[in-house]
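# Inside the fold
Here is how the chains run, residue by residue.
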Amino acid sequence: MLIQIALFAGLADRIGTSHLHFAYPYPEQPVTAASLKEALAEAYPDAAALIAASFVAVNQEYAAGDTPVHEEDEVALIPPVSGGESTSRPHSAASDEDWFIITDEPLSVEEITAKVIAPDHGAALTFTGTTREWTQGQRTVHLEYEAYVPMALSKLRQIGAEVAERWPGTRCAISHRIGQVDIAEISVVIAVSAPHRAGCYEASRYAIERLKQIVPIWKKEIWEDGSEWKGHGLGPWDPRVPGEHLLSDD
């Protein structure tokens, strides 16, 4: 079986391609997400540790280990997210009503916040993520963001749906940059509005943490003397875990 696999961030760097044509070496066995990872680790031992930490996505959904994989499926291997497409990726991609956007254009806080303002809402919050220059004594020159764009948009929409279900009536809009983001430039804007401020605060934090957990976007820190892909920074990473625990320490 020949499986087409999209690779991203440090995983693409390690294996040397962003689109892998992988001949599954055990034709007598059914292919699952777990067995595919095992076969890839055997084929690319230098990347085995990163492959083990990654998740298989099948048709733009994170797959359990026993999920079957077929030759016609859209398959991607997702390393820990941080929160590209090929060189022919769209200049900008958006979901319905442009509330959820992945773009290589600069972001406008005012435009994104305006999407969620409603006459019956008494609170609106905007989280703005920017590139900082210094991290633990190391100077960053700029950041470079990559995304698995169609799946990233799907997961942004999922976050919006979860916010609306958990805090009824709440509105959420998220835009994220890809490509180069310079010092003090905006990489992500999350705007939330709600009838009351308490729910607005909670929904905003939830959306931020959920983005880090499930949206396949990666950043590379570019320093004066090198670079490194950064993961999500949330400890053991499992994007299939529901988001209810994200506010459990409140």
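For the structure given in this document, a descriptive report is provided here. (Residues numbered from 1 in each chain as written. Predicted model: local features only at pLDDT ≥ 70, side-chain atom pairs only at ≥ 80, totals over all residues. Heavy atoms only, no water.)

### Some thoughts on the packing of aromatic side chains
Enumeration over the complete set of coordinates arrives at five aromatic pairs. Measuring from ring centre to ring centre gives 5.8 Å for Y24 and Y26, while their planes differ by 80 degrees; the resulting arrangement is edge-to-face. In this structure Y26 comes out as partly exposed when scored by relative accessible area, which is 28%. Where W167 meets Y206, the ring centres are 5.5 Å apart and the plane angle is 65 degrees; that geometry is what we call edge-to-face. Of this pair, W167 sits in the loop between α5 (149–166) and β11 (171–177) while Y206 sits in helix α6 (residues 197–214); the two residues are 39 residues apart in sequence, bridging distant segments of the chain. Note on W167: relative accessible area 10%, which makes it buried. Classification of Y206 by relative accessible area gives buried; the value is 4%. Taken together through their ring pairs, the aromatic side chains of F8, Y148 and W218 make up a single cluster. The ring centre of F55 lies 5.9 Å from the NZ or CZ of K37, which sits over that ring. (Phe/Tyr/Trp six-rings, centres within 6.5 Å; stacked < 30°, edge-to-face > 60°. Buried < 20%, exposed > 50% of the residue type's maximum accessible area, 1.4 Å probe, protein only. Helix = DSSP H or I, 4+ residues; strand = E, 2+ residues; numbered from the N terminus. Lys NZ or Arg CZ within 6 Å of the ring centre and 35° of its normal.)

### Regarding the packing of α5 against α6
Between α5 and α6, whose axes approach to 10 Å, the crossing angle comes to 150 degrees. Note on packing geometry: the crossing formed by α5 with α6 is right-handed. Together, K155, L156, Q158, I159, E162, V163 and R166 of α5 and A203, Y206, A207, R210, L211 and I214 of α6 make up the contact between the two elements. (Axes fitted to C-alpha atoms, helices over the stretch in contact; angles between N-to-C directions. Left-handed = near helix turned anticlockwise from the far one by under 90°. Contact = heavy atoms within 4.5 Å.)

### Some words on the sheet that holds strand β3 (residues 55–58)
Pairing is mixed across the open sheet formed by five strands, whose spatial order is β2-β1-β5-β3-β4. The outermost strands of the open sheet, each flanked by one partner alone, are β2 (19–23) and β4 (61–62). Direction of pairing for strand β1 (residues 2–7) relative to β2: antiparallel, over a ladder of five bridges. The residue of β2 that forms the bridge with A6 is H19. (Pairing = 2+ DSSP bridges.)

### Section: unusual backbone geometry
For residues other than glycine, phi is negative in most cases, and the peptide bonds are mostly trans. Positive phi outside glycine occurs at N59, with the angle close to 55 degrees. Among the structural elements, N59 can be located in the loop between β3 and β4. By relative accessible area, N59 is classed as partly exposed at 43%. Non-glycine residue Q136 carries a positive phi angle of around 50 degrees. Position of Q136 relative to the elements: it lies in the loop between β9 (134–135) and β10 (138–147). Assessed through its relative accessible area of 83%, Q136 is described here as exposed.

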